[in-house]
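# Structure assessment
So you can see what is in the structure, the chains are spelled out below.
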Amino acid sequence: MEAMRAHFTGHVFHRHSHDAYSFAVTETGAQRFRCRGGDHTSAEGMVMAFNPDDPHDGESAVADGFTYRIVHLGPGLVRSVLTDAAGRDAPMPLFPHPVRVDPVLRNALLRLHAALVGGAAAGALARDEWLTETVLAMVRRGARTPVRPAAARAGSASVRRARELLEADWAVEIPADRLAEAAGCSRFALYRAFRAEVGMPPSDFQRQLRLRAARRMIAAGGTPAEAAAVCGFADQSHMHRWFVRSYGITPGAYARA
């Protein structure tokens, strides 16, 4: 799983292919390329989808070049997400249209890209959740034979077990696989059930626990830097951003108050 953001002007891509699914969003400008026997142009806001081993070239279609964000997902990873969601072995999807206009897919890809390039600030659980959301959105809206997710079968007991693990280990990274194993259901089923019962996905719930712990620590005399280090945030600025978004006040102002 790789993510990249790049800007090109005069570069011309030689015909090549990738051994992974490649999903991209054109941010600015326009790119033209040839793929599957046809000529295509991806302009600002459009989504590109390349299957593994899809030969394609590429160059700027405008004088100022183009900027794009791209995510490469290995076939095994995609199959794992789809199998988990479907509750059975899932066939590999085929995307027949290299370019499409779809704001839902665009936003999903941009969120996944941000989670991948965000490093520790994004968190393993959030990355796993956005990966599932993005793969399912791409397949549901763009694949030739969409995979239908199984009906979510996780109940309150599964949600309770997941909450207990998050509450016990709120300061450490908990991948979606570990959380689903503790809950006794699939990642997809747990995500749907947890969001329906708690009102937010597991990653948001874990961040909330970390913020509460940081707030208690600051109220007890700890510095914001100490709270960020102890409470599972990537750094002080990471905690600062979420503290302000959640409480409307900076950690420093909260400490002074």
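Up top you'll find the structure we're talking about.
These notes cover the structure that comes with them. (Residues numbered from 1 in each chain as written. Predicted model: local features only at pLDDT ≥ 70, side-chain atom pairs only at ≥ 80, totals over all residues. Heavy atoms only, no water.)

Attention now goes to the environment of leucine 190. Tracing the chain through its elements places leucine 190 in helix α6 (residues 187-198). In sequence terms leucine 190 and serine 158 are 32 residues apart; their C-alpha atoms lie 7.2 Å from each other. (Helix = DSSP H or I, 4+ residues; strand = E, 2+ residues; numbered from the N terminus.)

The subject of this paragraph is the layout of surface pockets. The gaps of empty space that remain are located by a probe, the size of a water molecule, rolled over the atoms. Considering only enclosed or pocket space, the largest pocket measures out at about 430 Å³ in volume. Lining the largest pocket we find 20 residues, and of these Ala122, Ala126, Trp130, Arg207 and Trp242 sit closest to its centre. Of all elements in the fold, only α2 (103-117), α3 (124-142), α6, α7 (202-219) and α9 (236-247) reach the threshold of two or more residues within the lining of the largest pocket. Of the residues belonging to the lining of the largest pocket, the class tally is nine nonpolar, three polar and eight charged. (1 Å grid on protein atoms, 1.4 Å probe; cavity = no way out; pocket = protein on both sides within 12 Å on 5 of 7 lines; lining within 4 Å. Points joined across faces, edges and corners; volume = space filled by probe spheres on them. Nonpolar A, V, L, I, M, F, W, Y, C, P; charged D, E, K, R; others polar.)

What follows concerns a positive patch on the surface. A cluster of basic residues, Arg111, Arg140, Arg192 and Arg195, forms a positive patch on the protein surface. When you line up the elements, arginine 111 lands in helix α2. (Patch = residues over 30% accessible without salt bridge, like charges linked within 9 Å, V, L, I, M, F, W, Y side chains within 5 Å. Areas by Shrake-Rupley, 256 points an atom, 1.4 Å probe, with all protein chains shown as cover. Salt bridge = Lys/Arg side-chain N within 4 Å of Asp/Glu carboxyl O. Lys, Arg positive; Asp, Glu negative; His and termini not counted. Charge placed at Lys NZ, Arg CZ, Asp CG, Glu CD.)

Turning our attention to the packing of aromatic side chains. Under the criterion given, the structure shown has 11 aromatic pairs. Where phenylalanine 8 meets phenylalanine 66, the ring centres are 5.8 Å apart and the plane angle is 40°; that geometry is what we call tilted. Taken together, the residues phenylalanine 8 in strand β1 (residues 2-8) and phenylalanine 66 in strand β7 (residues 66-73) connect sequence positions 58 residues apart. By the burial criterion, phenylalanine 8 is buried, and phenylalanine 66 matches it. (Phe/Tyr/Trp six-rings, centres within 6.5 Å; stacked < 30°, edge-to-face > 60°. Buried < 20%, exposed > 50% of the residue type's maximum accessible area, 1.4 Å probe, protein only.)

With respect to the helices and strands, the residue histidine 72 is situated in strand β7. Since its relative accessible area comes to 16%, histidine 72 is described here as buried. There is a polar contact of 2.7 Å between the side chain of histidine 72 and the side chain of serine 22. Not counting the four nearest positions on each side in its chain, histidine 72 is found in contact with Met1, Glu2, His18, Ala20, Tyr21 and Ser22. (Polar contact = N/O pair within 3.5 Å; in protein donor to acceptor, adjacent residues only side chain to side chain. Contact = heavy atoms within 4.5 Å.)

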